[in-house]
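Fold and geometry: a report
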Amino acid sequence: MIVPSLRTAAAGRVSGAAALRAASTWANVQMGPPDAILGITEAYKRDTDARKMNLGAGAYRTDAGEPYVLTSVRKAEEALLKRGLDKEYLPITGLAKFTGAAASLAYGASSSALERLAITQSISGTGALRIGGAFLQRFYTAQPTIYLPDPSWGNHAAIFRDSGLKVAKYRYFDASTNGLNLGAMLEDIRAMPRGSIVLLHACAHNPTGVDPTPEQWTQIQQAVEEGQHLAFFDMAYQGFASGDADRDAGALRSFVQSGKAPVVLSQSFAKNMGLYGERVGTFSVVAADAAERDRVLSQVKILVRPLYSNPPVSGARIAAEVLTDPTLRKEWLGEVKAMADRIIGMRAALRGRLEELGSKKSWNHITDQIGMFCYTGLKPEQVDRLASDFHIYLTRDGRVSIAGISSSN
């Protein structure tokens, strides 16, 4: 039997704890939705079936399904280790040896833009986009709205909204053909307010794998230039899309060479150099001349300083070593092509197998699309059934990471 006074005291403690929770500073913080991609990975990990496949993650895998560290990267790491380099802070804009080599890779070694390019090292492509969004929000006065292709990488909208920009969409993907809806895209670009910001995937569009042809890029460039829009290129897959780094940068270089539209670039080395966890990238602005370059760079430094002061050194040193050592660079370009070729081969194998099984649906789009991802056209309920009945995991919009497919599965 509980003594009444004790019962009263216990009840008081319970009500006091409840009141404390209610009065908590963070009581109004709501539970956020889980990340869609990470949720797929967690479901995959919980699955104990030996046949399970994870086609949701956006990271390259070998034919054995293992993470791949490039041989050129390993050799660069070994060379750097032997030098016994220090761990001092980098300048705000990063390692100059790296940013110079990265700029040359993106814009071309002979590009006149290199002499007037304001470039900073960034925390991979995500960081580059955030710096770019903040810079445009502060200094681009023509139009505060950035237009994203529909669909686009899931993080694009959040990055630019948090940078203070307004976010809108333009039509891009044609669900009826699983290809590019060029007519609608051009119509939307021409309907944008003059001087808008147009986000363009330089190559290997994520998530659809649908890239414009060179002829279609010409029409897109003309529409952007006619509208006096700013072209914001996101290039996360240079070399990884076609296996040819120069070809994959073709659209960017064409815009820059024309000079009729302002151009900024987000660049990442996560996919094409396998430096996922090193977070290596750049953000750059093509200025009119050296004086403008210096003014722009001074303001980029002011933006970066309160964000993270300066970027990490390790990944930048690795990338710089690979890009500037002739032997390592040649080996790296060969490895990038080998990764791209495996992806292309898996596309052909997947399409061939589906056709062998007697599917009446056209699967041409699997081989027509390019890069790591493929938009299958599968509906959410079909994706759910693949997971529950066949232990195959992909995003509910039907996006497949081709890197997760191998000759054995």
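This report concerns the structure included in the present document. Residue positions are given per chain, counted from 1 along the sequence in the order it is written. Confidence filtering applies because this is a predicted model: local features only for residues at pLDDT of at least 70, side-chain atom pairs given and counted only at 80 or more, and all residues used for totals across whole chains, interfaces and linings. With hydrogens and water stripped out, all remaining heavy atoms of the structure feed into the side-chain values.

**Here's the deal with the packing of aromatic side chains**
Centre distance within 6.5 Å is the pairing criterion for rings of Phe, Tyr and Trp, where only the six-membered ring of Trp is used; planes under 30 degrees apart are then read as stacked, over 60 as edge-to-face, and the remainder as tilted. Evaluated as defined, the whole model comprises 11 aromatic pairs. For the pair Tyr 237 and Phe 240, a centre-to-centre distance of 6.1 Å together with 55° between the ring planes defines the contact as tilted. Overall, Phe 240 belongs to the buried group, its relative accessible area being 1%. Taken together, the ring pairs connect Tyr 60, Tyr 68, Tyr 237 and Phe 240 into an aromatic cluster. In this arrangement the basic side chain of Lys 52 is found over the ring face of Tyr 44, its NZ or CZ atom lying 4.5 Å from the centre. The ring centre of Trp 363 lies 5.5 Å from the NZ or CZ of Lys 361, which sits over that ring. Categorising residues by exposure relies on relative accessible area from a 1.4 Å probe, with only protein chains included: less than 20% of the type maximum marks a residue as buried, more than 50% marks it as exposed, and the intermediate range marks it as partly exposed. Two limits define a charge over a ring: the Lys NZ or Arg CZ must be within 6 Å of the ring centre, and within 35 degrees of the ring normal.

**Some points on empty space enclosed by the protein**
A pocket here means an open set of points on a 1 Å grid, computed over the protein atoms alone, that has protein on both sides within 12 Å along at least five of seven lines. A cavity is instead a set of points where a 1.4 Å probe fits but cannot get out; residues with an atom within 4 Å of a point line either one. Grid points are joined across faces, edges and corners, and a volume is the space filled by probe spheres set on the points. Inspection of every chain in the model, using the stated rule, returns 1 cavity of 30 Å³ or more. Taken as a whole, the largest cavity encloses approximately 40 Å³ of empty space. Lining the largest cavity we find Pro 149, Tyr 170, Tyr 172, Met 185, Leu 200, His 201, His 205, Pro 212 and Trp 217. Under the scheme applied here, ten amino acids are nonpolar (Ala, Val, Leu, Ile, Met, Phe, Trp, Tyr, Cys and Pro), four are charged (Asp, Glu, Lys and Arg), and all others, including Gly, are polar. Here the residues of the lining of the largest cavity are counted per class, giving 7 nonpolar, 2 polar and no charged.

**So, the side chain of Gln 267**
Where helices and strands are cited, they refer to DSSP runs of H or I of at least four residues and of E of at least two residues respectively, numbered from the N terminus. Relative to the helices and strands, Gln 267 resides in strand E9 (residues 263–268). Here Ala 102 takes part through its backbone oxygen, which lies 3.0 Å from a polar atom of the side chain of Gln 267. Of the polar contacts made by the side chain of Gln 267, one reaches the side chain of Thr 282; its length is 2.7 Å. Contacts between residues were defined by any pair of non-hydrogen atoms, one from each residue, lying within 4.5 Å. Non-local contacts of Gln 267, meaning those with residues more than four positions away in its chain, are made with Ala 102, Leu 105, Ala 106, Ser 124, Gly 125, Ala 128, Met 235, Gln 238, Val 280, Gly 281 and Thr 282. Whenever a nitrogen or oxygen atom comes within 3.5 Å of another N or O atom, the pair is scored as a polar contact, on the condition that within protein one atom can donate a hydrogen and the other can accept it, and that pairs from neighbouring residues in sequence are kept only if both atoms are in side chains.

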